[in-house]
Amino acid sequence: METIADQRDQTKRQYRDDYSLKNRNPGNSPKVLLIHPPVVRPCEPPPGLARLAGALARSGIAYDLIDANLEGLRWLCGLTPEASDTWTRRAAGQADKSLNLLALPDAYRSGGRYRQAVSALNRVLDKNGHEMGIHASLTDYQDASLSPARSSDLIKAFNTPETNLFFPYFERRIKDVLAESTPRVVGVSLNFLSQALCAFAIIGCLKRLAPDVCVVLGGGLVTSWLRQSGWATSFEGMVDHMVAGPGEDPLLAVLGKRYTGEPALPDYSEVASLSYLSPGLVLPYSASNGCYWRRCAFCPEKAEGNPYRPIPVSRVISQLITLKEKYRPALIHLTDNALSPALLKALSLNPPGVPWYGFARITPQLADPDFCMALKRSGCAMLQLGLESGSQKVLDAFGKGVDLTVAGKALAGLKQAQIATYVYLLFGTPWEKEEDAELTLDFTVRHCEEIMFLNMALFNLPAHGTASESLDTQSFYKGDLSLYRAFAHPAGWQRRDVRRFLDKKFKRHPAIAAIVRKDPPVFTSSHAPFFAMTAQ
Ligand code: SF4
């Protein structure tokens, strides 16, 4: 009978066949290795690393890019958990079928088969980590004994990479890379807390195998750490450079080059043909860093003082068209915090030729039905809208710059144009009282026919920034790297009350329950445009 060790060996061989380095740069050994660590939704290539890859390619520097998130999750899905129950054994036996199903457009017509596949894969991942005290899923990685918000635990993850669930995969993978080339610099992109333990374990493994390699750590989470006032944590001896904000300049500086001129075209050539869990290639593209609005209270973009750096819209349009011709994606994911009105207008006049979606602020521009129709003609499949509240008083205190009358017209215009809306609501802000949450309930119910998907979140108070100074705060969860703080709500609308309101009232309203049921489990907004497109 095949043991788990046999399975691990077999899957290692399999991924080596699938992913082993091709001789991409004959006579020109890669100098840079870029790594996307687990775990985040494995449905599209990593956009930050594609930008770095583009900058390296333009500077004539050879590189390799490993999507360790996709590879690691696929590897782990291929293992049968020890001591499995019947359901888990069946889920493990059908893991390939489930993975393949998520790549079929038809699966996005029937919510049932899709949900079954996602749930089966999550079960296999979870059970594979069970004995090690690790909860793994398609979107998360939690270790019962290590917190990603504690620097001492990240150091432990670095020092004991063999305790990481993905270790057999990434140790072999790194050895294979090192056998074929000697990267001088390794760039690791760390954007989410769910990646932190794996990122440090991968760096630990790398430094054991190649102690002289220079590790550059960047990404959204690292930016948030570094932009906190009084940041004093040291990962000396583990990470050679930590980078806040866009990484192109710092990475090239480490390599003794300068990044000049217009932003380079992102390079997806190393990853575009990988089997992401989506029905066709989803190409993420960022037309800006920061946010053009930057006025919402408690927004990290404001608190961290991240500058707004847009790529000129004409260049965005030409880059999107080039990317479409080069990679033939099924969908473009515009990853900006908020697509600027100028960019939306340019997209409406110059369709990229592929369906696209992204976040937009609710402005009078969207309240114009003709403009919504023009967006639809340009390929807009879905807009993510940060409405946050149905109380004008709360919106004004928040600095959202959203007028509820305009929001109502925008939702109606988008519905008429058959553009799906993914509306984000935020409960429990310092200005919200229960009666405001009731107004949000009323607004949502009144517009339930125009809202296709809903995201409801509890407000988390950023630990840093002047906006929280007037509040009575305590630690949110233990850890010196925690980005949030708990606070006593000024009006007594505490977190537990907000949670109760959401669970017992808001989500139970039949009109809202019907919207919530449509949300694709696990992949949520990443797969929502596919459901929206097949529903039309
Ligand atoms: S629109 Fe979004 S990203 Fe921009 S300031 Fe407001 S919350 Fe922040």
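The rules behind each value
Residue indices follow the written sequence of each chain, beginning from 1 at its first position. For this predicted model, a pLDDT threshold of at least 70 governs which residues receive local features, and a threshold of 80 or more governs which side-chain atom pairs are given and counted, while totals over whole chains, interfaces and linings are taken from all residues. To obtain the side-chain values, all non-hydrogen atoms of the structure were used and water was disregarded. Two strands pair under a simple rule: DSSP has to find at least two bridges between them. Strands here mean DSSP runs of E at least two residues long; helices mean DSSP runs of H or I at least four residues long; both are numbered from the N terminus. Throughout, an axis means a line fitted to C-alpha atoms (over the contacting stretch in the case of helices), and angles, computed between N-to-C directions, take values from 0 to 180 degrees. By definition in these notes, contact holds between two residues if any of their heavy atoms fall within 4.5 Å. Residue types Ala, Val, Leu, Ile, Met, Phe, Trp, Tyr and Cys, when buried and joined through side-chain atoms within 4.5 Å, form a set referred to as a nonpolar core. Throughout this description, buried means an accessible area under 20% of the type-specific maximum (1.4 Å probe, protein chains only), exposed means over 50%, and partly exposed covers the range between. Here the limits of each domain have been adopted from an automatic or database domain assignment. Any N or O atom pair separated by 3.5 Å or less is treated as a polar contact, with the protein-specific requirement of one donor-capable and one acceptor-capable atom, and with residues adjacent in sequence counted only for side-chain atom pairs. Buried area: the accessible area, evaluated with a 1.4 Å probe, that two parts lose upon being put together, summed over both parts. By salt bridge we mean one thing: a side-chain nitrogen of Lys or Arg within 4 Å of a carboxyl oxygen of Asp or Glu. Charged residues are taken to be Asp, Glu, Lys and Arg, nonpolar residues to be Ala, Val, Leu, Ile, Met, Phe, Trp, Tyr, Cys and Pro, and polar residues to be all remaining types, Gly included.

**Some details on the sheet that holds strand S8 (residues 282–285)**
Read from one edge to the other, the open sheet built from six strands follows the order S8-S11-S12-S13-S14-S15, with strand pairing classed as parallel. Strands with a single pairing partner mark the edges of an open sheet, and in this sheet they are S8 and strand S15 (453–458). Pairwise comparison of adjacent strand axes, ignoring direction, gives a mean angle of 15° for this sheet. Together, S8 and strand S11 (331–339) form the strand contacts of helix H13 (residues 313–327), whose direction differs from that of S8 by roughly 155°.

**Notes on the nonpolar core**
With 84 residues, the main nonpolar core has Leu34, Trp356, Leu383 and Phe506 as its most contacted residues. Looking at which domains feed residues into this core, each of domain 1 (4–72 + 147–254) and domain 2 (282–535) supplies at least three. In contact with Leu34, other than residues within four places in its own chain, are Leu49, Leu52, Ala53, Leu56, Tyr63, Asp64, Leu65, Ile66, Gly187 and Leu251. Counting 75 residues, the second-largest nonpolar core is a separate cluster that includes Leu73, Leu76, Leu99 and Leu190.

**What about the environment of Phe501?**
Mapped onto the elements of the fold, Phe501 is located in helix H19 (residues 495–506). Considered as a pair, Phe501 and Ala330 are 171 residues apart in the sequence and their alpha carbons are 39 Å apart. If sequence neighbours within four positions are ignored, Phe501 has contacts with Phe427, Glu434, Ala437, Glu438, Leu441, Trp493 and Phe506.

**A short note on the side chain of Glu388**
With respect to the secondary-structure elements, Glu388 resides in strand S13 (residues 380–388). Side chain to side chain, Glu388 and Lys400 meet in a polar contact 3.1 Å long. Setting aside residues no more than four positions away along its own chain, Glu388 makes contact with Leu395, Phe398, Lys400, Tyr424, Leu425 and Leu426.

**Considering the environment of Gly60**
Position of Gly60 among the secondary structure elements: in the loop between helix H2 (47–58) and strand S2 (63–67). A relative accessible area of 60% places Gly60 in the exposed class. Each C-alpha atom, one on Gly60 and one on Ser147, is 39 Å from the other, the two residues being 87 residues apart in sequence.

**Brief notes about the domain arrangement of the protein chain**
According to the domain assignment, the protein chain consists of domain 1 (4–72 + 147–254) and domain 2 (282–535). The straight-line distance from the C-alpha centre of domain 1 to that of domain 2 is 30 Å. Taken together, the 25 residues of domain 1 in the interface contact 23 residues of domain 2. For the domain 1 and domain 2 pair, buried surface summed over both sides reaches about 2,000 Å², with 52% attributable to carbon and sulfur atoms. One can count zero salt bridges joining domain 1 with domain 2. The interface formed by domain 1 and domain 2 contains 11 residue pairs in polar contact (both at pLDDT 80 or more). Listing elements by their share of the side of domain 1 that touches domain 2, those giving two or more residues are H2, helix H7 (151–159) and helix H10 (220–226). The biggest single contributor to the side of domain 1 that touches domain 2 is H10, with four residues. Considered class by class, the residues forming the side of domain 1 that touches domain 2 number 13 nonpolar, seven polar and five charged.

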